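Below, each chain spelled out in residue letters.
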Amino acid sequence: MLADSLSSCKVLVVGAGGIGCELLKNLVLTGFKNIEVIDLDTIDVSNLNRQFLFQKKHVGKSKAQVAKESALQFCPSANITAYHDSIMNPEYNVEFFRKFMLVMNALDNRAARNHVNRMCLAADIPLIESGTAECAHLGYDIYEGMTECYECQPKPTQKTFPGCTIRNTPSEPIHCIVWAKYLFNQLFGEEDADQEVSPDTADPEAAWKPEDTAARATASEKDGDIKRVSTKDWARSTGFDAVKLFNKVTAVRQSELLFKDDIMYLLTMDKLWKKRKAPTPLDWQQLEDSGSGLKDQQVLGVWGYCQLFQHSVETLSSHLQEKGEGAELVWDKDDPPAMDFVTAAANLRMHIFSMNMKSRFDVKSMAGNIIPAIATTNAVIAGLIVLEGLKILAGEVETCRTIFLNKCPNLRKKLLVPCVLDPPSANCYVCASKPEVTVKFNVHKTTVLALQDRILKERFGMVAPDVQIEDGKGTILISSEEGETEANNHKFLSDFGIRNGSRLQVDDFLQDYTLLVNVLHTEELEHDVEFEVVGEAPDKAPTPPSNQEEANSITNGNKDSAQPSTSSKAEDDSDDVMIVDSDEEEAASSATAKPAPSSGTKRKHSDAETGETSTKRPRTTQQSSAAADNDDDDDIIALD
């Protein structure tokens, strides 16, 4: 019976990296015959020490395609489809996900995990999530309405730093690395006003008196022949002539601008250095050759990094020229010249601010948010994922567990620690009955574009949000249709009558997801803080169905279950799955939706004044007759 299910069921594997390679190999050896794998990445030399489906001859090729070809050598009769693409592209919609009986995540970033979580909830497909945090791993299953989804538990926020710290007073290597990545974008990539690298004269800690500003500027001109221009303005002054801007002479001048003149200017902001060690400017002409190789694990001398900086600028400028006028480069940790540039620039800044310099390997790990992974833990987690998948196919959902793989044995001398799956969180803004949050920001300073990019996309993980103001008129603030509302982008939210207490209905039709945003206006946010999320999902998530009863509320995603079997067993806490993936995150969620009556329309929100409900678009109806006879035994643990 189970063998028949293995040969007939369709499985989607998202990610073909460390865990993904092991997982794909395990699936074909276990007997799975119909597998689709998707990964946007290409193979890098650094992957070869743990991603054993790849060899040196495959460097530069698609991970998904090569993984498919290698896995077929284990089982030539398997039917494997590979996509060299992003799972977040619109063509991989809810209907695409509904083709599968199981989805298995082997991802390394939070945005993609959030997206797959929502797509599986909408399609009512079981998801098995996994991930890695240093040497700790986690895996678990996600069942819509019964267990936590990946976003039920808040994840550690991606670390950010105040602009004045990055530009004026770095105290840790990561500050210098972030500055170097900003510098890359200022010179070669898309200009971003929030990623300026020149000294921040508005730094509140510097606290210059207005009347002193002119005198200090004059003094700095005399002392260091310094002209205050931003990096982008300085680049513009060359006319963006690639030859003039990036040739050897210009590379030297750029080094002096960034590592001498800017530092001398910082020294005039003397209040910054009363309790800190002042930086030491670098002078290209006074540096001596310290000689050294260019191995990833080696820390070069100052002169070595100066040469590396010069060489990387020349190489990147050449690449920019080849792309043509108006082109931009995108920083990629796996692009050697881009990585050389950030390594060199960051280390020179570390030296200036009296920090120990770092090897290229260390810089790459921090710049790319890489959490080191090893082959053995990847293999263990991949095996656990398959075991959880077998339980789901056998209808033994009650025995599913979240599994942690610890670095050291616990007090009971166990490395693998299974945990009962938790029920949905009452505060989840994804799988609650009526997802709702309160966001605090200044409506007079927050633009429509900032709402779309910073809040809805970055904070709440949406891909293509549509925003409607609940003002009784149904005003469309943001449309996912290209060009429809671009004229609104740089207007402030207050220009549209949005004020304290306003409500915004946000729909992402790709994710089949609706969120109600309550606006809380404030003028008292901390420096460099654009917004704060102060409330989440006041409505409780639906309790796990008991016996044959189902909740009647409309939720994100249908309540139908895509699970192949409806067997109900007594819960056993001995089995569980563990998956852990990368990017300073813990493991993610995996869910199997238990059967429940499906809804034919998108979740509705009541209008505060009229009491009427409104929907923007109908959603595809999907019925499922499977019974849900388990209570809150199954749950999800998300690791990010």
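Along each chain, residue indices are assigned from 1 in the same order as the chain's sequence is written. Side-chain atom pairs in this predicted model are given and counted only at pLDDT of 80 or more, local residue features only at pLDDT of at least 70, and totals for whole chains, interfaces and linings cover all residues. Hydrogens and water are ignored here; the side-chain numbers use all heavy atoms of the structure.

As annotated in an unreviewed UniProt entry, the protein chain carries the name SUMO-activating enzyme subunit 2 and comes from Scophthalmus maximus. UniProt positions are given in the numbering used here, feature names are shortened, and annotations may be inferred rather than shown by experiment. The heading Subcellular location (unreviewed entry) in the UniProt record of the protein chain holds the text "Nucleus". Here the protein chain is described in UniProt, under the heading Function (unreviewed entry), as follows: "The heterodimer acts as an E1 ligase for SUMO1, SUMO2, SUMO3, and probably SUMO4. It mediates ATP-dependent activation of SUMO proteins followed by formation of a thioester bond between a SUMO protein and a conserved active site cysteine residue on UBA2/SAE2."

1. Some words on helix 15 (residues 375-393)
Only runs of H or I of at least four residues qualify as helices and only runs of E of at least two qualify as strands under DSSP, and these elements are numbered from the N terminus. To estimate how far a helix should extend, the number of its residues minus one is multiplied by 1.5 Å. In this model helix 15 runs 27 Å from its N-terminal to its C-terminal C-alpha over 19 residues, within 8% of the 27 Å that 1.5 Å per residue would give. Three exposure classes are used, based on accessible area relative to the maximum for each residue type with a 1.4 Å probe and protein chains only: buried under 20%, partly exposed in between, and exposed over 50%. Burial within helix 15 is extensive, with 14 of its 19 residues counted as buried. Immediately beyond the C-terminal end of helix 15, within one or two residues, lies Gly395, with a positive phi of roughly 80°.

2. Some thoughts on the nonpolar core
By nonpolar core is meant a set of buried Ala, Val, Leu, Ile, Met, Phe, Trp, Tyr and Cys residues that side-chain atoms within 4.5 Å join together. Phe309 and Phe341 are the most contacted members of the largest nonpolar core, which totals 46 residues. Only helix 7 (173-188), helix 11 (248-267), helix 12 (302-323), helix 13 (336-352) and helix 14 (360-367) provide two or more residues apiece to this core. Working rule for contacts: check all heavy atoms of both residues, and any pair within 4.5 Å makes them a contact. Among all residues touching Phe341, those that are not within four sequence positions of it are Ala180, Leu183, Phe184, Leu187, Phe188, Phe309, Ser312, Val313 and Leu316.

3. Some points on the side chain of His115
As for its position among the elements, His115 is in helix 5 (residues 110-123). Judged by relative accessible area, His115 falls into the buried class, the value being 0%. For His115, the residues in contact, after removing those within four places along its chain, are Ile87, Met88, Val463, Leu510 and Gln511.

4. Topic: the packing of helix 2 (residues 18-30) against helix 15
Axis angles are defined between N-to-C directions and span 0 to 180 degrees, where every axis is a line fitted to C-alpha atoms and, for a helix, only to the segment in contact. Across the interface, helix 2 lies against helix 15 with an axial gap of 8 Å and an inter-helix angle of 45°. Here helix 2 is positioned oblique relative to helix 15, judged by the angle of their axes. In this structure, helix 2 meets helix 15 at a crossing whose hand is right-handed. Contact residues: Gly18, Ile19, Glu22, Leu23, Asn26, Leu27 and Thr30 in helix 2; Asn378, Ala379, Ile381, Ala382, Gly383, Ile385, Val386 and Leu390 in helix 15. Working rule for angles: under 35 degrees goes down as roughly parallel, over 145 as roughly antiparallel, 65 to 115 as roughly perpendicular, anything else as oblique. Left-handed describes a crossing whose near helix is turned anticlockwise from the far helix by less than a right angle; the clockwise case is right-handed.

5. Thoughts on the pattern of salt bridges
Between Lys or Arg on one side and Asp or Glu on the other, a salt bridge is scored when a side-chain nitrogen of the former is within 4 Å of a carboxyl oxygen of the latter. Under the definition given, this model contains 16 salt bridges. In this structure, the salt-bridge partner of Lys99 is Glu36, at a minimum N-O distance of 3.6 Å. Of the two residues, Lys99 sits in the loop between helix 4 (94-97) and strand 4 (102-105) while Glu36 sits in strand 2 (residues 34-38), which places them 63 residues apart along the sequence. Linking Arg503 and Glu470 is a salt bridge whose minimum nitrogen-to-oxygen distance equals 3.3 Å. Taken together, the residues Arg503 in strand 12 (residues 503-508) and Glu470 in the loop between strand 10 (466-469) and strand 11 (475-478) connect sequence positions 33 residues apart. Accessibility assignment for this pair places Arg503 and Glu470 in one class, buried.

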